[in-house]
Amino acid sequence: MGTSVFYLVATLSIFFSLMVIFSKNPVHSVLYLIITFFTFTVHYILLNAQFLAVVNFIVYMGAIMVLFLFVLMLLNLNKENEPLKSGLVKVLGIVAGCCLLVTLVGALKATSISSPLILKNPNLGLVKNLGKELFGPFMLPFELSSILLLTAMVGAVLLTKKEKV
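Parameters and conventions
Residues numbered from 1 in each chain as written. Predicted model: local features only at pLDDT ≥ 70, side-chain atom pairs only at ≥ 80, totals over all residues. Heavy atoms only, no water. Helix = DSSP H or I, 4+ residues; strand = E, 2+ residues; numbered from the N terminus. Buried < 20%, exposed > 50% of the residue type's maximum accessible area, 1.4 Å probe, protein only. Contact = heavy atoms within 4.5 Å. Areas by Shrake-Rupley, 256 points an atom, 1.4 Å probe, with all protein chains shown as cover. Core = buried A, V, L, I, M, F, W, Y, C linked by side-chain atoms within 4.5 Å. Polar contact = N/O pair within 3.5 Å; in protein donor to acceptor, adjacent residues only side chain to side chain. Phe/Tyr/Trp six-rings, centres within 6.5 Å; stacked < 30°, edge-to-face > 60°.

### Things to note about the overall build of the chain
Within the chain, the secondary structure is distributed over six helices and zero strands. Counting from the amino terminus, helix and strand elements in the chain follow one another as α-α-α-α-α-α. Taking all 165 residues of the chain together, 13% fall into the buried category. Counting contacts in the chain only where the partners sit at least 6 residues apart, residues at least 24 apart contribute 57% of the total. Carbon and sulfur atoms form 76% of the exposed surface of the chain, whose accessible area is close to 13700 Å².

### Notes on the nonpolar core
The biggest cluster of nonpolar side chains holds seven residues, and these are Val-30, Ile-34, Phe-37, Met-61, Met-65, Leu-69 and Leu-72. Of all elements in the fold, only α2 (26-46) and α3 (50-75) reach the threshold of two or more residues within this core. Broken down by element, the residue count for this core peaks at four residues, all from α3. Apart from residues no more than four positions distant in its own chain, Phe-37 is found in contact with Asn-56, Tyr-60, Met-61 and Met-65.

### Considering the side chain of Ser-23
Assignment of secondary structure puts Ser-23 in the loop between α1 (2-22) and α2. In this structure Ser-23 comes out as buried when scored by relative accessible area, which is 18%. Reaching out from Ser-23, the side chain makes a polar contact with the backbone oxygen of Asn-25 at a distance of 3.3 Å. Setting aside residues up to four positions removed in sequence, Ser-23 forms contacts with His-28, Ser-29 and Tyr-32.

### Considering the packing of aromatic side chains
Inspection of the entire model under this criterion finds six aromatic pairs. Here the aromatic rings of Phe-16 and Tyr-32 are separated by 6.2 Å at their centres, their planes lie at 25 degrees, and the arrangement is stacked. Linking Phe-16 in helix α1 with Tyr-32 in helix α2, this pair joins segments that are 16 residues apart in sequence. For the ring pair Phe-135 and Phe-142, a centre distance of 5.2 Å and an interplane angle of 80 degrees mean the geometry is edge-to-face. Judged by relative accessible area, Phe-135 falls into the partly exposed class, the value being 49%. By way of ring pairs, the aromatic residues Phe-15, Phe-16 and Tyr-32 are connected into one cluster.

### Things to note about the environment of Leu-52
Its location among the elements puts Leu-52 in helix α3. For the pair formed by Leu-52 and Leu-126, sequence separation is 74 residues and the distance between their alpha carbons is 9.4 Å.

Next comes the structure, spelled out in structure tokens:
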């Protein structure tokens, strides 16, 4: 059951990532990228990494990709605005694509299909364990990093504030 779900989600990940590349409309491309990130979230859940799944869902799908979508919709990209690409750029693109293809073929030849990984510790990747580590021996560095981030945020606001003349 678990391996069939993995293969289904992996196939969907590959399909939607290819749709990101081959879609001509940039808004559709971003929507396919959001679906691809959702399949990554499912992969994290299958790997028993709930924290990474939630962070991927909230940060990437909820914030960054929606920001990309709004920016693309506000840019109003038209065919008239796109400059014509020279022949040299097209040839370099083909060469780069062939290099990527050779790398992928070499990577696939180097790997072999093995049995699925069985974790020795089934509690690996749980949010409870992460909380114990963060608020246990790493309490001081965790709190210092929060103070550092707060200071950076206040500094950024002060730098962007216009002074009265």
